[in-house]
Amino acid sequence: MKTTQCTGAQAVVRSLLAEQVTTLFGYPGGAIMPIYDALYDHRDALEHILVRHEQGAIHAAQGYARATGRTGVVFATSGPGATNLITGLADAQIDSTPVVCITGQVASALLGTDAFQETDVMGISMPVTKWNVQVTRAAEIPAALAKAFHIARTGRPGPVLVDITKDAQLGLLDFTYEPCTGFRSYHPKPELSHSAVQEAAHLLDGARKPLMVVGQGVLLANAEEELLRFAEKTGMPVASTLLGLGAFPTDHPLYVGFVGMHGDYAPNIKTNACDVLLAAGMRFDDRVTGDISRYAKQAKVVHVDIDAAEINKIITADVAVHADAKDALRALTALVQPRQHADWLQEFSDAKAVEVETLAQHTGTTGELRMDEVVQLLSARTGGEALVVTDVGQHQMVTARHYRYRSTRSNITSGGLGTMGFALPAAIGAKLAAPERTVVAVIGDGGFQMTLQELGTIMQSKVAVKVLILNNRFLGMVRQWQQLFFEKRYSFTEMVSPDFVTLAKAYGIAAERVEARENLEQGMARMLGHAGPYLLEVMVEKEDNVFPMVPTGASVSEIRLA
Amino acid sequence: MKTQDHDRERSFTVSIFTEDRIGMLNRVTIIFTRRHLNIASITASESEVPGVFRYTIVLQATRAQVDKVVGQLERLVEVLKAFVHEEEEIVHQEIALYKVRTGTLANGAVERVVRENHARILSVDTQFLVIERTGHVAETQALFEQLKPFGILEFARSGRVAVTKPMKELSTYLKELEAK
Ligand SMILES: Cc1ncc(C[n+]2csc(CCOP(=O)(O)OP(=O)(O)O)c2C)c(N)n1
């Protein structure tokens, strides 16, 4: 192996190149200056996107990772730079997103002394990372980064943080890079148990009313093809969690909708009517299950997950298949009998008809524009093929319900953490990862203002994202709860906002506002047809609610349609 | 599977084998803290395999809770293996030290208590003596109560150290892990 002498900072950059990193997101500062200096020599090979806040950097890295499956990379300085990453780390941890964050740290002699911009980054980030490590010697940098990338992307992916002291960045080492392929305490790829698969296949063969719920695990395992083949062979209805959307085409005859609090009526009520529930790459989040004591009690549960800690954590599995979704689905497809479930599928269609009819009674086409109309139009005009990044709130649920995702890696949203402010930076990362795709960030007026400084990043780095703001002049989702559960006491949810169009223009971003229904078509067409970034603000009804809804503490079968 | 026993709160001993790394104790305890579980005692030492650390944690919990904790402990990247044991599945001991005034030896009463409790006198100074007793909490506590009338100047009890009754050795697990 050939070695060359270099500084720790140069070793960081070379390690990234060895990992085939091409894009990273960051913000410089004192403790990471040597690394930025080393980056300067490689700025052609490594595209560094200068964000406006470190939270923006990590969300952008998350968007980048989720658009492609590649690991997102972040640079931040010590102290406040590192603490600004925490929300994104927690988000990436709970939504299993591969990200490697490299933070500068004060010199090792100053650790623990309250030196300028010294924070216990290891301690703070430990609960919100899959792994973290502090490097105090230059020679340890390549191996630490190799391990970081290996851990971030394998098994159930997640965020990793590497904290590098300034003396380690300045120190010298003989550089060689050996990618990490594993170590004894870490076994990310479980061995598929054939007896478990056989048991699962046996249950499915005997099922009269099987229901499959797929989560992001299917996407993370790149198992979309296997899912399609499995579903078509078994003929069983397929529902999706929020993060699973896009893993299965929503226009497929076996697709029966999205489960959970604001999911579709049919798959929610049928969860409590099926005889076998096959959960693949999902973790029974409480937003999915509602009251667990009344969740799928009648059903035999088959749980496929790569993370052993998820099995039996919330719902006890009758058959646990501890495996990568791709391996499990492939093995299952080979074993199951070909089946059809026409009558059972008809029950889903009937329930869907009830939902459509009931919701239609409560909506009109005369009043103010509604979020669902806007999303439906977006879906139609993009043919369900855009990469849609949503923020958190009513617009997120409406988009999940009404956008007809036709291909994988088209839905990026903050699911487990529900981080407002996620969408704008995540869309920047997604667009950089998938420049050929139309990337649309759908955001509420509240969430937009949590990270709107990233308009500066869009401007400087010329990122052609479309920003669709659904402005209801309220923190809509919270207002909805206040209306339904707090007697309409709208405590601090009405929001006065600046003129977003003028704001966008200040950043040199083309923008317009649509207030009337008759202008929506054209506005949408202009946004989608525009070559560069575009901000479209649509004024929507102030006090509209998202239905269906499973109220907190209710059972999924108690889902409300109005 | 959901039996009553599953939800009954009782004492469990969790043995965790980890790589020897800075911050490992913190990583381990966070898992308990997050679930609002109180650790009754904790000991840490190198195991029979060089470079592998062993944490022994005793806590009050339900089987359902402790099983989930073990799942999350094993998810930690540097944890090799975690086991949970019911009281009857392990052999365990604590060690307790009692400091009393040397003057109490005068009439032989303290010596008798020491003998009857299978304790021993560890060191004698002009001012004080130190008594040592190894056993279960109930036993070290009983001695505490009996010495109390003589005046206990200082008392310290270790966390539990435990070995398991099943014969499978850690090194066997390690070989299995390394073979994977
Ligand atoms: C960082 C953060 N703070 C607070 C919340 C709580 N929260 C959830 S939804 C919501 C309202 C979002 O309002 P807006 O962005 O305008 O979207 P809308 O619901 O109106 O579509 C709030 C405040 C959150 N999810 N994230």
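For every chain, the first residue of its written sequence is number 1, and the numbers climb from 1 along that sequence. Going through the entries in the order they are written, you letter the chains from A and number the ligands from 1. The predicted nature of this model means local features are confined to residues of pLDDT at least 70 and side-chain atom pairs, given and counted, to a pLDDT of 80 or more, with totals for whole chains, interfaces and linings taken over all residues. Neither water nor hydrogens contribute to the side-chain values; these are computed over all heavy atoms in the structure.

### A word on the overall build of chain A
Inclusion rule: The numbering of helices and of strands both runs from the N terminus, where a helix is a DSSP run of H or I of at least 4 residues and a strand a run of E of at least 2. The globule rule used here is 2.2 Å times the number of residues to the 0.38 power, and the radius of gyration it is set against is calculated over C-alpha atoms. A simple rule labels every residue: compare its accessible area, found with a 1.4 Å probe on the protein chains alone, to the largest value its type can have, and call it buried under 20%, exposed over 50%, or partly exposed in between. Here, residues are in contact when the closest pair of their heavy atoms is within 4.5 Å. Residues scored as charged are limited to Lys and Arg (positive) and Asp and Glu (negative), so that His and the chain ends carry no count. Throughout, a charge is located at the NZ atom of Lys, the CZ atom of Arg, the CG atom of Asp or the CD atom of Glu.
Within chain A, the secondary structure is distributed over 23 helices and 20 strands. Relative to the 2.2 N^0.38 estimate, which gives 24 Å for 562 residues, the radius of gyration of chain A is 24 Å and therefore close to what a compact globule would have. A principal-axis box enclosing the C-alpha atoms of chain A has dimensions of 70 × 60 × 40 Å. The proportion of buried residues among the 562 residues of chain A is 60%. Look at the contacts in chain A between residues 6 or more apart in sequence, and 77% of them connect residues 24 or more apart. A gap of 2 Å separates the mean positions of the 49 positive and 60 negative side-chain charges of chain A.

### Comments concerning the state of the cysteines
Residue and element names in this part refer to chain A. The cut-off we apply is this: Disulfides are defined as pairs of cysteine sulfur atoms found within 2.5 Å of each other.
A full pass over the atoms with the stated rule returns zero disulfides over all chains. The cysteine C180 is free of any disulfide, with C101 supplying the nearest cysteine sulfur at 18 Å. Here C180 falls in the buried class, since its relative accessible area comes to 19%.

### Details of a nonpolar patch on the surface
Worth spelling out the cut-off: Candidates for patches are residues over 30% relative accessible area with no salt bridge; among them, like charges are joined within 9 Å and nonpolar side chains (Val, Leu, Ile, Met, Phe, Trp, Tyr) within 5 Å. All accessible-area figures derive from a Shrake-Rupley calculation using a 1.4 Å probe, and residue coverage is judged against the displayed protein chains alone. Think of a salt bridge as a Lys or Arg side-chain nitrogen and an Asp or Glu carboxyl oxygen that are within 4 Å of each other.
There is a patch of nonpolar side chains on the surface, built from I95, L97 and L122 of chain B and spanning about 220 Å² of accessible area. Here I95 of chain B lies in strand 5 (residues 90–101).

### Some details on the domain arrangement of chain B
To be explicit about the condition: Where each domain begins and ends follows an automated or database-derived domain assignment.
Each domain of chain B was delimited in the assignment, giving domain 1 (6–85) and domain 2 (91–157). Summarising the inter-unit geometry, the C-alpha centres of domain 1 of chain B and domain 2 of chain B are found 31 Å apart.

### Here's the deal with the environment of I32 of chain A
Residue and element names in this part refer to chain A. Mapped onto the elements of the fold, I32 is located in the loop between strand 2 (23–26) and helix 2 (33–40). Take I32: its relative accessible area is 0%, and that puts it in the buried class. With 427 residues separating them along the chain, I32 and M459 place their C-alpha atoms 25 Å apart. With residues near it in sequence (within four places) discarded, I32 still touches Y27, F75, A76, T77, I102, G104 and Q169.

### Quick word on helix 7 (residues 141–153) of chain A
Residue and element names in this part refer to chain A. Just so we agree on the cut-off: The length a helix should cover is 1.5 Å for every residue beyond the first.
Taking 1.5 Å per residue as the helical rise, helix 7 with its 13 residues ought to reach 18 Å, and the 19 Å between its terminal C-alpha atoms agrees with that figure. For helix 7, the buried fraction is high: 10 of the 13 residues fall into the buried class. Every buried residue of helix 7 is listed here: I141, P142, A144, L145, A146, A148, F149, H150, I151 and A152. Looking one or two residues past helix 7, G155 carries a phi angle of roughly 60°, positive in sign.

### Regarding the environment of T365 of chain A
Residue and element names in this part refer to chain A. In this structure, T365 sits in the loop between helix 15 (342–361) and helix 16 (371–382). By relative accessible area, which is 61% here, T365 ends up exposed. When the C-alpha positions of T365 and T129 are compared, they lie 47 Å apart, and in sequence the two are 236 residues distant. Sequence-distant contacts of T365, that is, excluding residues within four places in its chain, are made with R370 and R517.

### Remarks on the nonpolar core
Residue and element names in this part refer to chain A. Formally: We call a set of buried Ala, Val, Leu, Ile, Met, Phe, Trp, Tyr and Cys residues a nonpolar core when their side-chain atoms join them within 4.5 Å.
Ranked by internal contacts, the top residues of the largest apolar core, which has 96 residues, are M212, L277, V321, L468 and V538. Sort the elements by how many residues they give to this core and helix 9 (residues 194–206) lands first, with six residues. With residues near it in sequence (within four places) discarded, L277 still touches L211, V213, F284, Y295, A296, A299, K300, V301 and V302. Judged by nonpolar contacts, the second largest core, of 51 residues, contains C101, A434, A441 and L455.

### Section: the interface of chain B and chain A
In plain terms, the rule: Buried area is calculated as the accessible area (1.4 Å probe) missing from two parts once they are joined, with the contributions of both summed. We call two N or O atoms a polar contact when they sit within 3.5 Å, provided that within protein one can donate a hydrogen and the other can accept it, with sequence-adjacent residues counted only if both atoms are side-chain atoms. Residues are sorted three ways: Asp, Glu, Lys and Arg are charged, Ala, Val, Leu, Ile, Met, Phe, Trp, Tyr, Cys and Pro are nonpolar, and all the rest, Gly among them, are polar.
Listed by partner, the interface residues are 22 residues for chain B and 21 residues for chain A. Approximately 1800 Å² of surface area, both sides summed, lies buried where chain B meets chain A, with 55% of it carried by carbon and sulfur atoms. Considering only the surface of chain B that becomes buried against chain A, R27, R75 and V77 of chain B emerge as the three largest contributors, covering 33% of it. On the surface where chain B and chain A come into contact, there are seven residue pairs in polar contact (both at pLDDT 80 or more). Secondary structure elements with two or more residues in the side of chain B that touches chain A: helix 1 (24–34), helix 2 (63–75), strand 4 (79–86) and helix 5 (170–179) of chain B. If one sorts the elements of the side of chain B that touches chain A by residue count, helix 2 of chain B sits on top with four residues. Split into classes, the residues belonging to the side of chain B that touches chain A amount to eight nonpolar, five polar and nine charged.

### With respect to the sheet that holds strand 14 (residues 319–322) of chain A
All names here are of chain A. Keep this limit in mind: Note: two strands are recorded as paired if DSSP finds a minimum of 2 bridges between them. What counts as an axis is a line fitted to C-alpha atoms, over the stretch in contact for a helix, and the angles between N-to-C directions run from 0 to 180 degrees.
Strand order in the open sheet formed by six strands is 11-10-9-12-13-14, and the pairing between neighbours is parallel. The sheet terminates laterally at strand 11 (255–258) and strand 14, the two strands that pair on one side only. Geometrically, the sheet is characterised by an average inter-axis angle of 15° between neighbouring strands, direction not taken into account. In terms of strand pairing, strand 9 (residues 210–214) meets strand 10 (residues 238–240) through three bridges, oriented parallel. When the sheet's bridge partners are listed, M212 is paired in strand 10 with V238.

### Description of the pairing of strand 13 (residues 300–305) of chain A
Residues and elements named next belong to chain A. The element strand 13 is largely enclosed, with a buried count of five among its six residues. By the bridge criterion, five bridges tie strand 12 (residues 276–280) to strand 13 in an arrangement that is parallel. Across the sheet, the residue bridging to V276 is K300, located in strand 13.

### Here we look at the side chain of S379 of chain A
Mapped onto the secondary structure, S379 of chain A falls in helix 16. Note on S379 of chain A: relative accessible area 5%, which makes it buried.

### Remarks on the site of the ligand
All names here are of chain A. In plain terms, the rule: Near is defined per residue: the residue qualifies when any heavy atom it owns lies within 4 Å of the molecule or strand.
Close contacts around the ligand come from 18 residues, with Q394, H395, G418, G447 and G476 the closest. Contact between the ligand and Q394: an oxygen atom at 2.8 Å from a main-chain N or O atom of the residue. Contact distances for the ligand include 3.1 Å between an oxygen atom and a backbone N or O atom of F474. In isolation the ligand has 590 Å² of accessible area, and contact with the protein removes 76% of it. Residue assignment for the shell around the ligand shows that the elements contributing at least two residues are helix 17 (394–402), helix 19 (445–448) and helix 21 (476–485). Of the residues assigned to the shell around the ligand, the class counts are eight nonpolar, nine polar and one charged.

### A few points about the packing of aromatic side chains
The criterion, for reference: Each Phe, Tyr or Trp ring, with Trp reduced to its six-membered ring, pairs with another whose centre is within 6.5 Å; inter-plane angles below 30 degrees give stacked pairs, above 60 give edge-to-face pairs, and intermediate values give tilted ones. In this scheme, Lys NZ or Arg CZ marks a charge over a ring once it lies within 6 Å of the ring centre and within 35 degrees of the ring normal.
Under the defined criterion, the tally for this structure stands at 14 aromatic pairs over all chains. Arranged with centres 6.0 Å apart and planes meeting at 65°, the rings of F25 of chain A and Y64 of chain A form a pair that is edge-to-face. Placement of the pair is F25 of chain A in strand 2 and Y64 of chain A in helix 3 (residues 54–68), with a sequence separation of 39 residues. By the burial criterion, F25 of chain A is buried, and Y64 of chain A matches it. Taken together, the aromatic side chains of Y98, F144 and F155 of chain B make up a single cluster linked through ring pairs. Across the ring face of F183 of chain A, the terminal group of K147 of chain A is positioned such that the distance to the ring centre comes to 4.4 Å. It is K99 of chain B that lies over the ring of F128 of chain B; its NZ or CZ is 4.8 Å from the centre.

### A short note on the domain arrangement of chain A
Residue and element names in this part refer to chain A. For chain A, the assigned domains read domain 1 (4–175), domain 2 (194–350) and domain 3 (364–539). Distance from the C-alpha centre of domain 2 to the C-alpha centre of domain 3: 30 Å. Summed over both partners, the interface of domain 2 with domain 3 buries about 1500 Å², with 55% contributed by carbon and sulfur atoms. Per-residue buried area on domain 2 facing domain 3 is highest for L242, T250 and H262; these three make up 35% of the total on that side. Inspection of the domain 2/domain 3 interface yields two salt bridges. Linking D264 and R401 is a salt bridge whose minimum nitrogen-to-oxygen distance equals 3.2 Å.

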